[in-house]
Structures are given as structure tokens and as C-alpha cells.
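Observations on the model geometry
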Amino acid sequence: MTTPADHIDVDAIAARVRQEFSRTLDELKHLVTIPSVAWEAFDPAELTRSAEAVSELVRSIGIDDVRILSAATDSGAPGSPAVVARRPASDGKPTILLYAHHDVQPPGDEALWNTPPFVATEVGERLYGRGAADDKAGIMVHIAALRAVLDAVEDFGVGVTFFFEGEEEAGSPSFRNFLEEYRDLLAADVIVVADSSNWKVGVPALTTSLRGVCAAEVSVRVLEHAVHSGMFGGPVLDAPTIAARLISTFHDDDGAVAVPGLVAQEIAEVDYPEQDFRRDASVVDGYRLAGSGALADRLWNKPALSIIGMDVPTVAMSSNTLVPATRFKVSVRLAPGQDAASAGEALRAHVLRQDVFGAEVEVAITESGSPFAADTSRPAAQASLWAMEQAWGVAPVETGIGGSIPFIADLMEVFEGVQILVTGVEDPDSRAHSANESLHIGDFERAITAEALLLARLNSHGM
């Protein structure tokens, strides 16, 4: 047994994680079998079944205060079930909130999977299945880490609250209302969000920055109705052509985002070799990467703008007519330091000032989420970096992530002053959201050990 003093028996905690790891992996495999998709087209009963299965796992480690809760969305619709479980802190000890989500992405085209998406399948060093990495592994890291610490650390007094959300992949529509409604249950000194990625297999990472997000739908109309392209084409440019002209203004000749008012910085201290990026992103041979400056800055500290949808006739359904109207959706990832609301206004202003022959153009901002930047000098971050190095045997990377977790801004606003750590179990080949999602089994065990060591460190050193 370790003591609650300065000494932490790293080997004893790692051994306890290892002794229970087969059980932990089996528990994860069971969770993967539940198709807990929070999208309207899927059976909501599976979300309830998933929440109940997670609740039973929490109870199995000796926590009795386990609740399945929900809150309404802003429209009044019921939110998906979340699991909240609490182990109160002893006097003088901090409380840590451990977040992950039990809902998953839809499987997509199952023909693209090499194994059934909802059958957890071991192949070599990886476990395949929808949610195996994103984010049911995050749930099991939290549960298994606490289980190990309770077994290995004498007089463990840190308060632990589990918060396992059930709608993250659907955009967390009730999240802010949930925080407000259950603020007292969720209050903590430290929050660990286990929904990110490591640098690569064998090298851990603490995510210290996340890009924000802004999305808009742009509508273009040039005619009241479709007309014959031969009889009327020439004086009138069809709506998709006008949309294409608009889209072409979003980037400069080097491919960098060219919307005035968007923050771009060059501050990355980590080298991301181009050959590694091309492999990780599956870039086709001969494609020249867009933008300029360090790749890490282009991924983490500069905006990225993508067209993620467009309404035009398919080739199979095309006819010799001028398309009168179209709509496209633009998604912008925002650099740390960018205000999401001002980014939306900058995007709107950029679109509306373009010369499009007087076509009717409307811009509707549909999504907005703030970026995140961590202060790694704070005690919890230092403890996490120490724990990762102990678990992996190599120094962790303080990394940015090009993606967004907009609800972190809600956590920071509702729980002012809280220390937030963004960790995860994914790696560049996890393919979260894609076919053949997978988890590196060895790094899964190391992630559990790292979090167990973090809990032990908070117990012995406090905040």
C-alpha cells in the first residue's frame, strides 16, 4: 500500500492496473456492443441501455451514489441520459470531475468496416469497434483508474465525480442546461476530459489547446425558378457557379484562410514532420499541402475553413437547366485567442461584400464554440504531465488539437477558475468517426496507469 504522504509507489499502482487489465478490457468490449447513437434516426433505447451498463460498472467499484440524469435542450426537447456518480472528498482533499461520453458516432457504411462495428474485435495490438476509442475507452480509463487507486492507495481521500454524457457526438444540445441544473453535483477543483488523442503510439500527450468552431449556411439565389440552360444561359450564371465564386474567396493562392478578422498565430514549439502528417491524414501522392509556416501551427494555431456540404443536383439527376438556387455549409476551425461570435460576424461580412453579380445571398450562423488554451503551469497540469511520463516512460508532448470541444467553454464559464485537463486514448491511426475505429491496447493500459497516478498525486500533494 502507498501512503498519502509525498511518496507515491508508482510500481504498485501500475501493477494493480495490470492485474485488473483483462477485466477492464472485457468491460470495454461489452460497452462497444451497445449501439448508443444519439442521433434521431437511431433507437434511443440503446442510449438508456448504455447508461445503465455504465452505471453498473461504476457501482462495481464501490460507488453507491450513481444517478442517470438528463436535462432539456433549449427547444424543450428531452436530452439524452447521462451518468453522474459521486465519491465525496475527505476534509481538505480536492474533488476531481472525470468526464467522458458513452454515446458514439453512427457506424456509417458497414461495408467499409473490416470487422463488425458493434463487435469489439482484437486484431494484433488494436481493438476495433465503434466507440472502442471514442469514447467508451475514456469511460473505462476513468473507472479503471479509480479502481486501481482505491485498491493500491491507503486513505485515498480525493473526491471523485464521474460525468458520462450521452449526446456529445450529437453536439451536446442539452449540455449547458445540464451543467446549470446539476451544478452542485458536478462542482470540482479539477476536470479531466478524456476525449482527445496522444501524440502517437507510445508517446502520450496533454492537449493544451483546441481550436474553436464556427459554422454557417450560405444560400444563393439567381432565378425565381429553373430555366432552360440553352435558351437563357450566358447572361445568367447559375447558382452553383456563383457559390463556387464565393467559395474561391475563402483562401489565398497558397491555400491559407483569407477571411479578414480571423486570428492566426505562429507559436507552436512541436515539430510535426510532413511525412508523418501525410501518412496520418492519408494524403494522396502529389497533393501539395495548403498554407504556410510550421505544420503544427497550421493545425492548431491558425484557422481552417472547409466546405462540408452543398445542395446541388447530383450528376445522375442533372438536366439542361440553370440551377436557380443553392446552399452550402462552411465550417471554420478557430485559433486559440479568437472570439467565436466575432469570427461568425467576420465570416458573414466577408461573404456579403463579395461581388456576385447582385445575386441574393444570405448567411446564417449555425454553430459557435470558443477555443481552449490551458495554463500548464498550474498544479493539476504539472501532476498530469508527471503521471504520463511515469506511465509511458517517455516525456509527454504538450500538444494542440485541430479539432474542437465547444462544451469546454461551458465548463469554464459555469465552474469559474476550475483547472481543466484534456487527455485521451486515441492516436493518429484510431480513425475516430470513421470506419475501422480502433484503440491501441497497450496505450489504453498506460492511460489508465497515468490517470491512477494523477489521482494518487492529487491525494498526496493536493492542489
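Quick summary incoming for the structure in this document. (Residues numbered from 1 in each chain as written. Predicted model: local features only at pLDDT ≥ 70, side-chain atom pairs only at ≥ 80, totals over all residues. Heavy atoms only, no water.)

1. Remarks on the overall build of the chain
Along the chain, the regular secondary structure elements total 14 helices and 18 strands. Relative to its length of 463 residues, the chain is compact, with a C-alpha radius of gyration of 24 Å against a globular reference of 23 Å. Its C-alpha atoms give the chain principal-axis dimensions of roughly 85 × 45 × 45 Å. Classification of the 463 residues of the chain by burial places 52% in the buried group. Residue pairs at least 24 apart in sequence account for 80% of intrachain contacts in the chain once pairs closer than 6 positions are excluded. Of the roughly 20100 Å² of accessible surface on the chain, 49% is carried by carbon and sulfur atoms. Charged side chains of the chain number 34 positive and 68 negative; the gap between the two group centres comes to 2 Å. (Helix = DSSP H or I, 4+ residues; strand = E, 2+ residues; numbered from the N terminus. Rg over C-alpha atoms; globule rule 2.2 N^0.38 Å. Buried < 20%, exposed > 50% of the residue type's maximum accessible area, 1.4 Å probe, protein only. Contact = heavy atoms within 4.5 Å. Areas by Shrake-Rupley, 256 points an atom, 1.4 Å probe, with all protein chains shown as cover. Lys, Arg positive; Asp, Glu negative; His and termini not counted. Charge placed at Lys NZ, Arg CZ, Asp CG, Glu CD.)

2. Thoughts on the packing of aromatic side chains
The final tally for this structure, using the stated rule, is 12 aromatic pairs. Considering the side-chain rings of Tyr 99 and Phe 407, the 4.8 Å spacing of their centres and the 50° angle between planes classify their relative orientation as tilted. Of this pair, Tyr 99 sits in strand β3 (residues 95-101) while Phe 407 sits in helix α13 (residues 407-414); the two residues are 308 residues apart in sequence, bridging distant segments of the chain. Ring centres 5.8 Å apart and planes at 80° place the aromatic pair Tyr 272 and Phe 277 in the edge-to-face group. Each member of the pair, Tyr 272 as well as Phe 277, is classed as buried. (Phe/Tyr/Trp six-rings, centres within 6.5 Å; stacked < 30°, edge-to-face > 60°.)

3. Section: the sheet that holds strand β18 (residues 438-440)
Spatially, β4-β5-β18 is the arrangement adopted by the 3 strands of the open sheet, whose pairing is antiparallel. The two strands at the open ends of the sheet, each matched to only one other strand, are β4 (121-123) and β18. Taking the axes of each pair of neighbouring strands and ignoring which way they run, one obtains an average angle of 25° across the sheet. Taken together, the 3 bridges between strand β5 (residues 126-128) and β18 define a ladder with antiparallel strand orientation. Its bridge partner being in β18, Tyr 128 is matched across the sheet by Ser 438. (Pairing = 2+ DSSP bridges. Axes fitted to C-alpha atoms, helices over the stretch in contact; angles between N-to-C directions.)

4. Description of the pattern of salt bridges
All chains considered together, the criterion is met by 26 salt bridges. In this structure, Asp 427 engages Arg 126 in a salt bridge whose closest nitrogen and oxygen atoms are separated by 2.9 Å. Residue Asp 427 is found in the loop between β17 (419-426) and β18, and its partner Arg 126 is found in strand β5; the two are separated by 301 residues along the sequence. Taking relative accessible area as the criterion, Asp 427 reaches 5% and is therefore assigned buried. Lys 302 is paired through a salt bridge with Glu 266; the nearest N and O atoms lie 3.0 Å apart. Of the two residues, Lys 302 sits in the loop between α10 (295-300) and β11 (304-311) while Glu 266 sits in the loop between α8 (239-247) and α9 (274-280), which places them 36 residues apart along the sequence. (Salt bridge = Lys/Arg side-chain N within 4 Å of Asp/Glu carboxyl O.)

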